[in-house]
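The chain contents come next:
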Amino acid sequence: MDVIGLIGEYNPFHNGHLYHINEIKKRYPDSLLILVLNGYFLQRGEVSVLTKEDKTRLSLLHGIDLVVSLPVVYGTQAADIFSDKALFLLNQFHVEKVIFGSECHDIKKITRIASVQLEDNFNDKVQNHLKTGVNYPTALAKSINEDIQYTPNDLLGISYAKAIIKNNFPISLETIKRTNDYHDLHSNEKIISASNIRNKLKLKQDIKNYLPLSCVPFIKKVDQNILFLLIKSKILTSHHLNTYLDVDEGIEKRLKKMIKQCNNLENFISRVKTKRYTYNKIKRMLIHILLGITKDIAFQISFDSIQILGFNEHGLAYLNQIKKKIELPLKVNKHSQLYEFEEKAALLYDLITNEKTYDFELKNQPIIF
């Protein structure tokens, strides 16, 4: 049996995700799929349009055997931290390979770039290029001396490869070729990006052709006005914004100034944005401020348990088979900082979406499919 790992946010779960799962099953008919799932607030600073509970149920319904939670403290960080912690969890469950969607579809190239990025002086090269005024992806490309167009999933793939190399995880990587462009917000093919779907939701367009029908009823309305007011309140009442993760180099003054001049989140981000601070980095920064994730917490916090979100009978059988080999407890420590942030994230998510996900966190019981 092949034990295969996936890393997902499912914002929302769409036809591309279903294609990904089905292609893995075609490639490896005798396989068990383990998903590390990001929850309420996501890696690019988005608020999920599906609850963690609904994403778990939909994953199990469509072929995943075991779902494990990626804590919000790690799930809202930059690609390298996000990937490092997700791979750590998959390694705990003795996953043999991770299969992800990729634009370039070239594992050798992804692994080679990852190795270059792990060289001692690589970050210095990137910083030197950033000082010339180019954006981060361009600085990366220049530092590698390659004419490469970094796309979101390839960037994550490089981070997966770095995590495996750095930690010496016995995990191999494979890709499935993406059939759509992450940045395309207008196409109407059967498989389109999650960004495209969220944009259509924003424009109040029908999205049912792009998702499994089972997913459509669970889409939540994210109230951007409430989200903005919560962030605005936190910025205006925080005396030391620079203690929060990603708030660096004096940008706290810019945040304080611009928040008073704006009436919505899009306008605020566009006025704060610079070449150094990309749209996604600002969104992540704002989520860290909202959740109260400081630099000290981010650097010092560590796993003390693993939250199992759900499983089917195959997942349960595998869990029983290997649970003695897993280093961390599978019962969540409700006194840990990681769990406290999950509770806080659920409470804030409920305010923003008018849901009741906090009850799911309090029960802390795996979904049995």
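Residues numbered from 1 in each chain as written. Predicted model: local features only at pLDDT ≥ 70, side-chain atom pairs only at ≥ 80, totals over all residues. Heavy atoms only, no water.

A. View of the nonpolar core. Grouped together as the largest cluster of nonpolar side chains are 116 residues, with contacts concentrated most on I34, F41, F93, F268 and L286. Those residues in contact with I34 that lie beyond four places of it in its chain are V3, I4, G5, L6, L66, V68, L90, F93, V95 and Y318. (Core = buried A, V, L, I, M, F, W, Y, C linked by side-chain atoms within 4.5 Å. Buried < 20%, exposed > 50% of the residue type's maximum accessible area, 1.4 Å probe, protein only. Contact = heavy atoms within 4.5 Å.)

B. Structural view of the layout of surface pockets. Computed from the structure, the second largest pocket encloses a volume of approximately 200 Å³. Lining the second largest pocket we find Q307, I308, F311, L316, L319, L330, K331, V332, K334, N364 and P366. Looking at the lining of the second largest pocket, the elements with two or more residues in it are β6 (308–311) and α15 (313–322). Within the lining of the second largest pocket, the residues separate by chemical class into seven nonpolar, two polar and two charged. (1 Å grid on protein atoms, 1.4 Å probe; cavity = no way out; pocket = protein on both sides within 12 Å on 5 of 7 lines; lining within 4 Å. Points joined across faces, edges and corners; volume = space filled by probe spheres on them. Helix = DSSP H or I, 4+ residues; strand = E, 2+ residues; numbered from the N terminus. Nonpolar A, V, L, I, M, F, W, Y, C, P; charged D, E, K, R; others polar.)

C. Structural view of the side chain of D65. Position of D65 among the secondary structure elements: in the loop between α2 (52–61) and β3 (66–70). Buried within the structure, D65 lacks any salt-bridge partner; its nearest side chain of opposite charge belongs to K25, at an N-O separation of 4.6 Å. In this structure the side chain of D65 is engaged in a polar contact, spanning 2.8 Å, whose partner is the backbone nitrogen of L33. Setting aside its immediate chain neighbours within four residues, D65 contacts S31, L32, L33, L60, G310, F311, N312, H314 and G315. (Lys, Arg positive; Asp, Glu negative; His and termini not counted. Salt bridge = Lys/Arg side-chain N within 4 Å of Asp/Glu carboxyl O. Polar contact = N/O pair within 3.5 Å; in protein donor to acceptor, adjacent residues only side chain to side chain.)

D. Representation of the sheet that holds strand β1 (residues 2–8). On the basis of which strands lie adjacent, the open sheet formed by seven strands has the order β5-β4-β1-β2-β3-β6-β7 and mixed pairing. Looking at the sheet topology across the chains shown, the edges are occupied by β5 (172–177) and β7 (367–368). In this sheet, β6 lies alongside β3 in antiparallel orientation, the contact comprising three bridges. Across the sheet, the residue bridging to L66 is F311, located in β6. (Pairing = 2+ DSSP bridges.)

E. Inspection of helix α12 (residues 265–272) at higher detail. Buried residues of α12: L265, F268, I269 and V272, and no others. Taken down its axis, α12 places every buried residue within 95° of arc, on the same side. On its buried face, α12 sits against α10 (224–237), α11 (251–259) and α13 (279–291). The opening residue of α12, the one whose side-chain oxygen lies 3.2 Å from the backbone nitrogen of E266, is N264. (Arc of directions from axis to C-beta.)

Nothing here speaks to function; it is geometry throughout.
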